[in-house]
Amino acid sequence: MVTTHAVMGAALVTLLPLSPRFAGVAALAAFCGGVFPDLDLLVGEHRRTLHYPDYYALCLVPLVGLAGLRTHALTVGLAAFVGAAALHSIADAFGGGLAPRPWLRDDHRGVYCRLGRRWLHPRHWIRWDGAPEDLALCGVCVCVVLFGADRPIRLLAVATLPVSIAYTLLRKRLPDLAPWLVE
Ligand SMILES: [Zn+2]
């Protein structure tokens, strides 16, 4: 789920030993970076147009170096954003396939890897987006944020829970209720 990706990015940044001056902006940037790849649901081809499991990860190395050398809200935020987008793109390969009913395991597309010029196969660790284990992971990440992040990020993370619960409850009915959403 996109909400899991968002709070996973924020949770990871929360666990890093960042200066309190930059922790808030980094967590917010990571939350946004966790959402960003899934904007290709709106434009382009999902899990391909804005998903870069390879290039985001490669870009992250110099960006972390830059943030270390020139520590500023902008450089730290940029590194956190790209790091969360990389985590999201890589994590999609460990979920279900792209087909409207991923629990049928009838689609070999997990996420597109440009370096390999091929789709990475879905590994189904999270069986499908909106599976109970997806919601559980989201809940764990929200707890991490609640214990470690600033208040605005905590509120943002908690706000993802009702959305995640509703999505989990409805996910298996979505292909019938809103086929345009899952196609
Ligand atoms: Zn995605």
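Our structure is the block above this text.
Right, let's walk through the structure included here. The structure displayed is predicted, hence computed values, not measured ones. (Residues numbered from 1 in each chain as written. Predicted model: local features only at pLDDT ≥ 70, side-chain atom pairs only at ≥ 80, totals over all residues. Heavy atoms only, no water.)

**Some words on the packing of helix H1 (residues 2–15) against helix H5 (residues 132–148)**
Where H1 meets H5, the axes come as close as 8 Å, and the angle between the chain directions of the two elements is 35°. Judged by the sense of rotation from one axis to the other, the crossing of H1 with H5 is left-handed. For the pair H1 and H5, the contacting residues are Thr3, Thr4, Val7, Met8, Ala10, Ala11, Thr14 and Leu15 in the first and Asp134, Leu137, Cys138, Cys141, Val142, Val144, Val145 and Gly148 in the second. For the contact of H1 with H5, a count of residues per class yields 11 nonpolar, four polar and one charged. (Axes fitted to C-alpha atoms, helices over the stretch in contact; angles between N-to-C directions. Helix = DSSP H or I, 4+ residues; strand = E, 2+ residues; numbered from the N terminus. Left-handed = near helix turned anticlockwise from the far one by under 90°. Contact = heavy atoms within 4.5 Å. Nonpolar A, V, L, I, M, F, W, Y, C, P; charged D, E, K, R; others polar.)

**Some thoughts on the coordination of the zinc ion**
Distances from the zinc ion to its protein donors, Asp38 (OD), His51 (NE2), His88 (NE2) and Asp92 (OD), fall at 2.0 to 2.3 Å. Each of the four donor atoms around the zinc ion contributes to a set of angles spanning 88 to 166°, which defines the coordination as irregular. Donor residues binding the zinc ion come from one chain and are separated in sequence as D-x12-H-x36-H-x3-D. Here the residue Asp38 occupies a position in the loop between helix H2 (20–35) and helix H3 (55–69), and Asp92 occupies one in the loop between helix H4 (73–91) and strand S1 (111–113), the gap between them amounting to 54 residues. Exposure class is identical for Asp38 and Asp92. Each is buried. (Donors = N, O, S within 2.8 Å, 3.2 Å for Na, K, Ca; no water. Tetrahedral: all angles 85-135°; square planar, octahedral: opposite > 155°, others 65-115°. Buried < 20%, exposed > 50% of the residue type's maximum accessible area, 1.4 Å probe, protein only.)

**Some remarks on the environment of Leu50**
Positionally, Leu50 belongs in the loop between H2 and H3. Classification of Leu50 by relative accessible area gives buried; the value is 17%. Sequence separation of Leu50 and Leu69 is 19 residues, and the distance between their C-alpha atoms is 28 Å. Contacts of Leu50, omitting those with residues within four sequence positions, involve Phe36, Pro37, Leu39, Asp40 and Tyr56.

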